[in-house]
Amino acid sequence: DVKVTQSSRYLVKRTGEKVFLECVQDMDHENMFWYRQDPGLGLRLIYFSYDVKMKEKGDIPEGYSVSREKKERFSLILESASTNQTSMYLCAAGWSGRSDEQFFGPGTRLTVL
Amino acid sequence: KQEVTQIPAALSVPEGENLVLNCSFTDSAIYNLQWFRQDPGKGLTSLLLIQSSQREQTSGRLNASLDKSSGRSTLYIAASQPGDSATYLCAVADTGFQKLVFGTGTRLLVSP
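From a predicted model like this one, the values you see are computed outputs, not experimental measurements. (Residues numbered from 1 in each chain as written. Chains lettered and ligands numbered in written order. Predicted model: local features only at pLDDT ≥ 70, side-chain atom pairs only at ≥ 80, totals over all residues. Heavy atoms only, no water.)

(A) Seen up close, the overall build of chain B. A count of helices and strands for chain B gives 0 helices and 11 strands. Scanning chain B from its N terminus toward the C terminus, one meets helices and strands in the order β-β-β-β-β-β-β-β-β-β-β. For a compact globule of 112 residues, the expected C-alpha radius of gyration is about 13 Å, and chain B comes in at 13 Å, within 12% of that figure. Counting only C-alpha atoms and orienting by the principal axes, one finds that chain B spans roughly 45 × 30 × 20 Å. Looking at chain B residue by residue over its 112 residues, the buried ones come to 44%. (Helix = DSSP H or I, 4+ residues; strand = E, 2+ residues; numbered from the N terminus. Rg over C-alpha atoms; globule rule 2.2 N^0.38 Å. Buried < 20%, exposed > 50% of the residue type's maximum accessible area, 1.4 Å probe, protein only.)

Right under this line is the structure:
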């Protein structure tokens, strides 16, 4: 099975801090995704990457950036954290040429004070 | 823009019942449809994936069907168990980079 890991399960940051969320996958998947999940709004796509150094905006990219320097690692960056970025952040990896399934990490619960 | 709806939003059943969860989507030009399970505070676990050319997939007590032309999918759970209690999410992948659009989920409670 594909394993997708995220650097932290819980994170508490202050308004204005720069925040890094890291995601690593171990199955050579081409595509990686960052979603956020909020009550009543469901999961929404922030950014995705289909190859090293390639990135595309999702539905809600404002206030975020991403980095993919290696195939297995996809980082989400909050340049200046704000309270409305308090959320559950989920990373996913998908498409290996063998399977189209997307596999998700355990999530990072971020609280911005 | 693709929209995904799941009905019902919540469902409570006694152990042993068979049940059906519904998912509908507005744009039939999908690459595939995936059903996930999410336990409270946790990530998503993939249950079943149906390619756009397929009609159904089965895994153990789970069976998912897809009617692309009508924009509908159902997840059938046979002989439900308390361990099935979770939120079930349906997601459709677009034909480009397979970005997922999610429904808001059905919260299932199976009581002993």
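(B) Looking closely at the packing of aromatic side chains. For the coordinates displayed, the defined rule picks out 8 aromatic pairs over all chains. Consider the rings of Phe33 of chain A and Tyr35 of chain A, whose centres lie 6.1 Å apart with planes at 25°: the pair is stacked. Here Phe33 of chain A and Tyr35 of chain A have matching classes, each one buried. On the basis of an interplanar angle of 40° and a centroid distance of 5.8 Å, the ring pair of Phe36 of chain B and Phe102 of chain B is categorised as tilted. Of this pair, Phe36 of chain B sits in strand β4 (residues 32-38) while Phe102 of chain B sits in strand β10 (residues 100-102), and the two are 66 residues apart along the sequence. Overall, Phe102 of chain B belongs to the buried group, its relative accessible area being 8%. Among the aromatic residues, those joined into a cluster by ring pairs are Phe33, Tyr35, Phe48 and Phe104 of chain A together with Phe36 and Phe102 of chain B. (Phe/Tyr/Trp six-rings, centres within 6.5 Å; stacked < 30°, edge-to-face > 60°.)

(C) Up close: the sheet that holds strand β3 (residues 19-25) of chain B. Residues and elements named next belong to chain B. Spatial ordering of the open sheet is given by β1-β3-β8-β7-β6, a layout of 5 strands whose pairing is antiparallel. Pairing within the sheet leaves two strands with one partner each, and these edge strands are β1 (4-7) and β6 (56-59). Ignoring which end each strand starts from, the neighbouring axes of this sheet average 15° apart. Where β1 lies against β3, 4 bridges are found, and the strand directions are antiparallel. Within the sheet, the bridge partner assigned to Thr5 lies in β3 and is Ser24. (Pairing = 2+ DSSP bridges. Axes fitted to C-alpha atoms, helices over the stretch in contact; angles between N-to-C directions.)

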